[in-house]
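Listed here are the chains, written in short residue letters.
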Amino acid sequence: LGDQPINAKAYAEHESAVEDCLMTKVQNFAPTCRSVRLFLLKCIERPTGTSHLLYLLSNNPLNSAKWMEDWRNAHDVDFVKFTGEALVPKWNPFFGLNSVEYKKAKEAVMHVMQSENATSLDAFAADVAKLPVDKQRAHLGALLMALCQEPGLLAAIQ
């Protein structure tokens, strides 16, 4: 682990394409910047492992990347813990995205986003109100996740 260097040519070709998403100085992406950074770390860590990710973060070109310097200077507690304690953040951004509750909530949110009409949310709320309290909580959590996830993704690609 940790013996595979970054392809400098490929990195240079892609750096400018992703830099705006990773830099908090770009006002449009500031609210989602931290999540995008953590997602990037997860994408590197999952197939290669934590040791390799820490190796990449401690060496150039990642170590000297503008977005990395920006993140370090922001004194983000989770980032400091990650690099200092050699632990990848424990949360999984994909947890629960395949649940029935999330799929229903996502459909309602997507309908509102596409039609600018809240009838699907009203129907979702009416259906959820008929469920037992524990199921209502699961559906409410899924709705909150869909409300945070889907409009943010749409704004990022527009």
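This is a predicted model, so every value here is computed, not measured.

For this particular structure, what's the right way to read the pattern of salt bridges?
Any two side chains of opposite charge can pair, so long as their charged atoms come close to each other. All told, the structure shown has two salt bridges when counted by the stated rule. Across the salt bridge formed by aspartate 70 and arginine 37, the nearest N and O atoms sit 2.9 Å from each other. In this pair, aspartate 70 sits in helix H4 (residues 66-73) while arginine 37 sits in helix H2 (residues 33-48), placing the two residues 33 residues apart along the sequence. Neither residue differs from the other here; aspartate 70 and arginine 37 are each classed as buried.

Just checking my understanding: could you explain a nonpolar patch on the surface for this structure?
Together, Leu140, Leu144 and Leu147 make up an exposed nonpolar region whose accessible area comes to about 270 Å². Mapped onto the elements, leucine 147 comes out in helix H8 (residues 133-157).

Would you mind showing me how to read the packing of helix H6 (residues 100-115) against helix H7 (residues 119-129) here?
Axes are the key here: two packed helices are described by the angle between their axes and the distance separating the axes. Two numbers describe how H6 lies on H7: the axes approach to 7 Å, and their chain directions differ by 155 degrees. For the element pair H6 / H7, the angle class is roughly antiparallel. Listed contacts from H7 to Lys104, Ala105, Ala108, His111 and Val112 of H6 are Thr119, Ser120, Leu121 and Phe124.

Got a minute to help me understand H7 in this structure?
Residues three or four positions apart in an α-helix share a direction because the helix packs 3.6 residues into each turn. Every buried residue belonging to H7 is among Ser120, Phe124 and Val128, and all of these are buried. Seen from one end, H7 has its buried residues packed into an arc of 70 degrees, which puts them on one side. Those residues of H7 that are exposed and aimed more than 90 degrees away from the buried face are Asp122 and Ala129.

Even after reading the chapter, I still don't get the packing of aromatic side chains, so can you show me in this structure?
The relative placement of two aromatic rings is captured by the distance of their centres and the angle of their planes. In this structure the tally under the stated criterion is one aromatic pair. An angle of 35 degrees between the planes, with centres 6.3 Å apart, marks the rings of tryptophan 67 and tryptophan 71 as tilted. With tryptophan 67 and tryptophan 71 both in helix H4, this residue pair falls four residues apart, about one helical turn. Taking the relative accessible area as the measure of exposure, tryptophan 71 reaches 1% and is therefore buried.

Sorry, what's going on with the environment of alanine 30 here?
In this fold, alanine 30 is placed in the loop between helix H1 (8-22) and H2. Spatially, the C-alpha atom of alanine 30 lies 9.5 Å from that of aspartate 20, the residues being 10 residues apart in sequence.

Looking at this structure, I do not really get H2. What am I missing?
For H2, with 16 residues, the first-to-last C-alpha span of 23 Å sits near the 22 Å given by 1.5 Å per residue. All buried positions along H2 are accounted for by Cys33, Arg37, Leu38, Leu41, Lys42 and Glu45. At the C-terminal side of H2, glycine 49 shows a positive phi close to 100 degrees.

Just to check I follow, could you spell out the confidence of the model for the chain for this structure?
The predicted coordinates ought not to be read in detail in places where the model reports low pLDDT. The predicted model of the chain has a mean per-residue pLDDT of 77, with 81% of residues at 70 or higher. Per-element mean pLDDT across the chain ranges from 68 in helix H5 (residues 77-85) up to 93 in H7. Predicted confidence for residues 85-92 stays below pLDDT 50, and this span has 16 contacts to residues more than four positions away or in other chains.

What should I look at first to understand the nonpolar core in this one?
In globular proteins that are soluble, nonpolar side chains generally tend to be buried together. Ranked by internal contacts, the top residues of the largest apolar core, which has 15 residues, are Leu41, Leu57, Leu62, Trp67, Met68 and Trp71. When residues of this core are traced back to their parent elements, those giving at least two are H1, H2, helix H3 (50-58), H4 and H5. Discounting chain neighbours no more than four positions away, the residues touching leucine 41 are Leu53, Leu57, Trp71 and Phe82.

Looking at this structure, how should I read the packing of H2 against H3?
Remark: H2 packs on H3, axes separated minimally by 7 Å, with the N-to-C direction vectors making an angle of 130 degrees. Taken together, the axes of H2 and H3 lie oblique to each other. Within the contact between the two elements, H2 uses Leu41, Ile44, Glu45 and Thr48 and H3 uses Thr50, His52, Leu53, Leu56 and Leu57.

Thresholds, definitions, all that
Residues numbered from 1 in each chain as written. Predicted model: local features only at pLDDT ≥ 70, side-chain atom pairs only at ≥ 80, totals over all residues. Heavy atoms only, no water. Salt bridge = Lys/Arg side-chain N within 4 Å of Asp/Glu carboxyl O. Helix = DSSP H or I, 4+ residues; strand = E, 2+ residues; numbered from the N terminus. Buried < 20%, exposed > 50% of the residue type's maximum accessible area, 1.4 Å probe, protein only. Patch = residues over 30% accessible without salt bridge, like charges linked within 9 Å, V, L, I, M, F, W, Y side chains within 5 Å. Areas by Shrake-Rupley, 256 points an atom, 1.4 Å probe, with all protein chains shown as cover. Axes fitted to C-alpha atoms, helices over the stretch in contact; angles between N-to-C directions. Parallel < 35°, antiparallel > 145°, perpendicular 65-115°, else oblique. Contact = heavy atoms within 4.5 Å. Arc of directions from axis to C-beta. Phe/Tyr/Trp six-rings, centres within 6.5 Å; stacked < 30°, edge-to-face > 60°. Expected span 1.5 Å × (residues − 1). pLDDT = per-residue confidence, 0-100. Core = buried A, V, L, I, M, F, W, Y, C linked by side-chain atoms within 4.5 Å.

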